[in-house]
Amino acid sequence: MGTKRYAIVTGAASGLGRAVAVELARRGWHVALADINPQGSQETLALVEQAGGQGQVEHLDVTSPSEWSVLREKLQSAWPRLDLLVNNAGVGVGGEVGKLPLEDWQWIININLYGAIYGCHTLIDWMKQNSQGAHIVNIASLAAIVSAPGMAPYNITKAGMLSFSETLYGELKPYNIGVTGVCPSFFPTNIIRSGRFQTSQQRNAAARLMSGSRATADDVARRIMRAIERKQLYVFAPASAGVYWRLKRLMPRVLLNLIARRNARASAAAAKA
Ligand SMILES: NC(=O)c1ccc[n+]([C@@H]2O[C@H](COP(=O)([O-])OP(=O)(O)OC[C@H]3O[C@@H](n4cnc5c(N)ncnc54)[C@H](O)[C@@H]3O)[C@@H](O)[C@H]2O)c1
C-alpha cells in the first residue's frame with residue numbers, strides 16, 4: 001500500500017471503534033470517524049490527532065442506506081481511494097425469546113447486521129477499484145460462537161457477521177480485498193449502558209461479566225491491526241477465546257452446556273447483589 005492510507009471506522013465515538021481509530025492513527029492513517037454521536041466522535045478526533053494521524057468526523061447512522069450513499073459520495077470526491085472499512089458500530093440486547101419486545105430485535109438487527117450489510121453494499125465496488133488492494137473488518141463477537149442463553153438477538157447478529165465475513169472472504173479474494181471477522185470476548189466499554197435489557201438483573205449480569213474481564217479495547221484494536229497486516233480471516237481476542245472456537249467445532253454440546261451453567265451462575269450472583 002502507498003504511504004497514506006484511508007479508512008472508515010463506524011461506531012468510532014466510543015469503545016472499540018475509538019481504539020481502532022487511534023491505532024490506525026499511530027500508523028499514519030487518515031480515518032473517517034463515522035458515528036451518530038458527534039461529541040464522542042470529536043473526542044476521538046482529538047485522540048487521533050494526538051496519536052499522529054489525521055481524521056474527520058462524519059455523521060453516519062449505519063441503519064440508513066441513504067446516509068451511507070452520501071458518505072461515499074463525499075469521501076470519493078475527496079480521497080484517492082478507500083483502503084479499509086471497519087464495520088464496528090454495535091449495540092446490545094439482553095432478554096429471553098418470547099419476552100423481549102419485537103422492536104428490540106429489529107433495533108439490534110438493523111444496527112449490528114444491516115449496518116454492515118449497507119456499508120459493504122455501498123462501498124465494495126469503490127474498494128474493488130483500489131489497485132493496491134483493500135481490507136474489510138467486521139466486528140462480530142465470541143457471542144457468535146458460544147450462543148449464551150438470554151442473548152439471542154445479540155448472538156444472531158454476531159453469528160451473521162461471522163458468516164458475512166466468511167462469505168465476503170471468498171467473494172473478494174479475486175479483488176485483493178482481505179476480510180477479517182473479529183470475535184472478542186468481554187472488554188469494558190459503553191455497550192451495556194447503551195444496551196436494552198429486559199430486566200435490571202440481566203443488565204447487572206452482563207455488567208459483571210464485562211467488569212470481570214482483563215481485556216481492553218486497546219488490546220483488541222492492536223490484535224485487529226495485526227490481522228489487517230497479515231490478512232487474517234479470524235481474530236479471537238484474547239487468544240484464549242480461540243479455545244471456545246475449537247471446542248465448538250469439536251464438542252459443541254459440551255461448550256453449550258458449559259456456557260449455560262456459567263450463565264446461570266452469573267444470573268444468580270446478579271440477583272443476590
Ligand atoms: N465490549 C465488549 O465486550 C464487546 C465484545 C465483543 C464484541 N463487541 C462489539 O464491539 C463493537 C463496538 O462496541 P463497544 O463495546 O465498543 O460499544 P460502545 O457502546 O462503547 O461503542 C459503540 C459505538 O457504536 C455507535 N453506534 C450505535 N448505534 C449506531 C448507529 N446506528 N450508527 C452509527 N454508530 C452507532 C455508538 O454511538 C458508539 O459510539 C460492537 O459491534 C460490539 O458488539 C463488544
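This section reports on the structure supplied with the text.

## Brief notes about unusual backbone geometry
Inference 1: With omega at -5°, the peptide bond leading from Ala237 into Pro238 counts as cis.
Inference 2: Examined against the element boundaries, Pro238 turns out to sit in the loop between β9 (234-237) and α10 (242-250).
Inference 3: With phi around 45°, Ser147 is a residue other than glycine that occupies positive phi space.
Inference 4: In this fold, Ser147 is placed in the loop between α5 (143-146) and α6 (152-172).

## Focus on the nonpolar core
Inference 1: If you look at the biggest cluster of nonpolar residues, it comprises 81 residues, and the most contacted ones within it are Val9, Ala21 and Val31.
Inference 2: If one sorts the elements of this core by residue count, helix α4 (residues 102-128) sits on top with eight residues.
Inference 3: Non-local contacts of Val9, meaning those with residues more than four positions away in its chain, are made with Gly17, Val20, Ala21, Val31, Leu33, Ala34, Val86 and Asn88.

## What to know about the site of the ligand
Inference 1: Surveying the vicinity of the ligand reveals 30 residues, the closest of which are Gly11, Ser14, Gly15, Gly90 and Thr189.
Inference 2: Among the secondary structure elements, those contributing two or more residues to the shell around the ligand are α1 (15-26) and α7 (191-194).
Inference 3: Its residues placed into classes, the shell around the ligand shows 14 nonpolar, 14 polar and two charged.

## Topic: the packing of helix α8 (residues 200-211) against helix α11 (residues 252-272)
Inference 1: Packing of α8 against α11 brings their axes to within 8 Å, and their N-to-C directions diverge by 115°. Regarding the angle of α8 to α11, the classification is roughly perpendicular. The two elements α8 and α11 cross, and the hand of that crossing is right-handed. Facing α8, whose interface residues are Gln201, Asn204, Ala205, Arg208 and Leu209, α11 presents Ala266, Ser267, Ala269, Ala270 and Ala271.
Inference 2: The class makeup of the residues in the contact of α8 with α11 is six nonpolar, three polar and one charged.

## Focus: the sheet that holds strand β4 (residues 84-87)
Inference 1: One open sheet accounts for seven strands, arranged β3-β2-β1-β4-β6-β7-β9; its pairing is parallel. Whereas interior strands pair on both sides, the edge strands pair on one side only; in this sheet they are β3 (54-59) and β9. With direction set aside, neighbouring strand axes in the sheet form an average angle of 15°.
Inference 2: For strand β1 (residues 6-10) and strand β2 (residues 30-35), the ladder comprises five bridges, and the chain directions are parallel.

Calculation notes
- Going along each chain's sequence as written, the residues are numbered from 1 onward.
- Only residues with pLDDT of at least 70 get local features here, since the model is predicted, and only at 80 or more are side-chain atom pairs given and counted; chain-wide, interface and lining totals rely on the full set of residues.
- The secondary structure listing takes helices from DSSP runs of H or I that are at least 4 residues long and strands from runs of E that are at least 2 residues long, numbered from the N terminus.
- For the purposes of this analysis, a nonpolar core is taken to be any set of buried Ala, Val, Leu, Ile, Met, Phe, Trp, Tyr and Cys residues that are connected through C-beta atoms within 7 Å.
- Residue burial here comes from a neighbour count, namely the number of other C-beta atoms, placed from the backbone, that lie within 10 Å of the residue's own C-beta, with 20 or more meaning buried, 12 or fewer meaning exposed, and in between meaning partly exposed.
- With C-beta atoms placed from the backbone, a contact is any residue pair whose C-beta atoms sit within 7 Å.
- Any residue whose C-beta atom, as set from the backbone, lies within 6 Å of a molecule or strand is reported as near that molecule or strand.
- We call Asp, Glu, Lys and Arg charged. Ala, Val, Leu, Ile, Met, Phe, Trp, Tyr, Cys and Pro are nonpolar, and the rest, Gly among them, are polar.
- Every axis corresponds to a line fitted to the C-alpha atoms, with the helix fit spanning only the stretch in contact, and the corresponding angles, defined between N-to-C directions, vary from 0 to 180 degrees.
- Angle categories are assigned with fixed cut-offs, so that under 35 degrees is roughly parallel, over 145 is roughly antiparallel, 65 to 115 is roughly perpendicular, and the rest are oblique.
- In this scheme the crossing of two helices becomes right-handed for a clockwise turn of the near helix relative to the far one and left-handed for an anticlockwise turn of less than a right angle.
- A pair of strands counts as paired when DSSP detects no fewer than two bridges linking them.

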